[in-house]
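Next come the chains, spelled out residue by residue.
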Amino acid sequence: MTNNKVLVVGGAGYIGSHTCLQLASKGFEPVVYDNLSNGHEEFVKWGVLEKGDIRDRQRLDDVLARHKPRAILHFAAMIEVGESVKDPVSFYDNNVIGTLTLLSAALSAGIEAFVFSSTCATYGLPESVPIDEQHRQAPINPYGRTKWVCEQALKDYGQYKGLRSVILRYFNAAGADPEGRIGEWHEPETHAIPLAIDAALGRRDGFKVFGTDYDTRDGTCVRDYIHVLDLADAHVRAVEYLLEGGDSVELNLGTGTGTTVKELLNAITEVSGRTFGIDYVDRREGDSTTLVANNDKARAVLGWEPQYDLAAITRTAWNWHSRRNQGA
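The structure reproduced in this document is the subject of the present report. Small disclaimer: the values here were computed from a predicted structure and weren't measured.

**A closer look at the pairing of strand β5 (residues 113-119)**
Then comes step 1: Counting buried residues along β5, seven of its seven residues qualify, which places the element largely inside the surrounding structure.
Then comes step 2: The side-chain alternation of β5 yields two buried faces, one formed by A113, V115, S117 and T119 and the other by F114, F116 and S118.
Then comes step 3: Judged from the three bridges that link them, strand β4 (residues 71-74) and β5 form a sheet pairing that is parallel. Paired with I72 across the two strands is F114, which belongs to β5.
Then comes step 4: Handedness of the crossover is the feature at issue here: the chain leaves β5, passes through helix α5 (residues 142-161), returns alongside strand β6 (residues 164-170), and the resulting connection is right-handed.

Okay, here's the thing in structure tokens:
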């Protein structure tokens, strides 16, 4: 391998930085491209940082010409569902226009392998569970729709321009590097595990559970939590698959195991050894009862197998957040 560089767009963020760690361990050289609006410069530990925005075509052309990466992994997106409802314009500007600009730069640079960070939010409200890749895509918020639009563009670019891609639809990313070097860090934080851990650490006043009357084993919603390093492993496998000539494909990334909100909170109480206030309130509009992945296709195509269970997810997350907690 004469050139083992991979451009990791959004590589200073949560999943992107863990993927850089995994890429480096597999002999690749990550080149991080990030505007640091949501990423963190201190997370860039396994390659160089090229500061830039995905909507800046000139900057993208310059970085691609200098580094000549063999593949691109695209993580750079706005992801907060509630914010997408309040400000859909910014989501379309960054997620759609930014992705189309990046794709045009990739085509001009002769890139043939592109891995796209997508989401189970493109499916909308599930008609059957577990959800496989053939499930109808009907996103119910601007965030999910921006990702769906990008997926359609990738399919057209593949069919008509020869750009081969792997679309990876995440379920609930969670956990952190077991060594505590990087982890989940969003401002503001909206994800369940960090919010519950912050409650256990005394950083926030309790945790809200939205709805206790769902048709599940304990009345609370069920979600599929997948460790960030399992996600990172799938991305590296996707790069290798494309570089070996693999065809375009879309894959779900989840464990296939559902966890209720109450079970999640019990796991965090157990790993932290602390109790915290829990406020049971009404359901949120748009929340699905159960979101669990059918991951058979990812196993078959990539030879991928999730390695971390819920205990490992909560343990590594606790390790990361408690180290960063100044008030604990």
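**Regarding the side chain of S272**
Then comes step 1: Inspection of the secondary structure puts S272 in helix α8 (residues 261-272).
Then comes step 2: A distance of 2.8 Å separates the side chain of S272 from the backbone oxygen of I268, its partner in a polar contact.
Then comes step 3: If sequence neighbours within four positions are ignored, S272 has contacts with A200 and W318.

**Considering the environment of V239**
Then comes step 1: Take V239: it is sitting in helix α7 (residues 228-243).
Then comes step 2: On the basis of relative accessible area, V239 is assigned to the buried category, the value being 0%.
Then comes step 3: A sequence separation of 73 residues divides V239 from V166, and the C-alpha atoms of the two residues are 8.3 Å apart.
Then comes step 4: Ignoring anything within four residues of it in the chain, the contact list for V239 reads V6, F28, A71, L73 and V115.

**So, the sheet that holds strand β11 (residues 249-253)**
Then comes step 1: Pairing within the open sheet is parallel, and its seven strands lie in the order β3-β2-β1-β4-β5-β6-β11. Two strands lie at the open edges of the sheet, namely β3 (48-51) and β11, each paired on one side alone. Geometrically, the sheet is characterised by an average inter-axis angle of 20° between neighbouring strands, direction not taken into account.
Then comes step 2: Relative to β4, strand β1 (residues 5-9) runs parallel, the two being bridged by four bridges. Within β4, the position partnered with V6 by the bridge is A71.
Then comes step 3: Most of the contacts of helix α4 (residues 88-108) go to β4, to which it runs at about 175°, and overall it touches β1, β4 and β5.
Then comes step 4: Packing of α7 onto the sheet brings it into contact with β1, β4, β5, β6 and β11, and relative to β6 it is tilted by some 165°.

**Some remarks on helix α2 (residues 57-67)**
Then comes step 1: Three or more residues of α2 are buried, namely L60, V63, L64 and H67. Down the axis, α2 shows its buried residues gathered within 95° of arc, on one side only.
Then comes step 2: Looking at the packing, one finds that the buried side of α2 touches β1, β2 (29-34), β3, β4 and α4.
Then comes step 3: Directly after α2, the chain includes K68, whose backbone phi takes a positive value near 50°.

**Looking at the nonpolar core**
Then comes step 1: In terms of nonpolar packing, the biggest core is built from 43 residues, with V6, I15, L73, V166, L168 and L253 touching the most fellow members.
Then comes step 2: Broken down by secondary-structure element, the contributors of at least two residues to this core are β1, α1 (14-25), β4, β5, β6, α7, β11 and α9 (296-302).
Then comes step 3: Among residues more than four places away in sequence, those in contact with L253 are L168, R169, Y170, F171, I226, L231, A234, H235, A298 and W304.
Then comes step 4: If you look at the next biggest cluster of nonpolar residues, it comprises 24 residues, including I54, V63, L102 and I167.

**Structural notes on the environment of F116**
Then comes step 1: Tracing the backbone shows F116 in strand β5.
Then comes step 2: In this structure the C-alpha to C-alpha distance between F116 and N141, which are 25 residues apart in sequence, comes to 19 Å.

**Here's the deal with the packing of aromatic side chains**
Then comes step 1: The final tally for this structure, using the stated rule, is two aromatic pairs.
Then comes step 2: Each ring, one from F43 and one from W185, has its centre 5.7 Å from the other, and the planes form 65°; the classification is edge-to-face. Within this pair, whereas F43 is found in the loop between β2 and β3, its partner W185 is found in the loop between β7 (172-174) and α6 (192-200), the two being separated by 142 residues in sequence. One exposure class covers both F43 and W185, and it is buried.
Then comes step 3: Arranged with centres 5.8 Å apart and planes meeting at 65°, the rings of F43 and W320 form a pair that is edge-to-face. Pair noted here: F43 is in the loop between β2 and β3 and W320 is in helix α10 (residues 310-324), with a separation of 277 residues, a long-range link.
Then comes step 4: Under the relative-accessibility criterion, F43 is labelled buried at 2%.
Then comes step 5: Looking at W320, the relative accessible area reads 6%, which means it is buried.
Then comes step 6: Feature note: the residues F43, W185 and W320 constitute an aromatic cluster, connected by ring pairs.
Then comes step 7: Sitting above the plane of the Y214 ring, R283 keeps its charged end 3.9 Å from the centroid.

**Section: unusual backbone geometry**
Then comes step 1: In the segment running from V129 into P130, the intervening peptide bond is cis, with an omega of 0°.
Then comes step 2: Mapped onto the elements of the fold, P130 is located in the loop between β5 and α5.
Then comes step 3: Omega for the bond connecting E187 with P188 falls within 30 degrees of zero, at 0°, which places this linkage in the cis form.
Then comes step 4: Mapping P188 onto the fold places it in the loop between β7 and α6.

How each quantity is defined
- Residues numbered from 1 in each chain as written.
- Predicted model: local features only at pLDDT ≥ 70, side-chain atom pairs only at ≥ 80, totals over all residues.
- Heavy atoms only, no water.
- Buried < 20%, exposed > 50% of the residue type's maximum accessible area, 1.4 Å probe, protein only.
- Helix = DSSP H or I, 4+ residues; strand = E, 2+ residues; numbered from the N terminus.
- Pairing = 2+ DSSP bridges.
- Right-handed = clockwise from strand over helix to strand, strands pointing away.
- Polar contact = N/O pair within 3.5 Å; in protein donor to acceptor, adjacent residues only side chain to side chain.
- Contact = heavy atoms within 4.5 Å.
- Axes fitted to C-alpha atoms, helices over the stretch in contact; angles between N-to-C directions.
- Arc of directions from axis to C-beta.
- Core = buried A, V, L, I, M, F, W, Y, C linked by side-chain atoms within 4.5 Å.
- Phe/Tyr/Trp six-rings, centres within 6.5 Å; stacked < 30°, edge-to-face > 60°.
- Lys NZ or Arg CZ within 6 Å of the ring centre and 35° of its normal.

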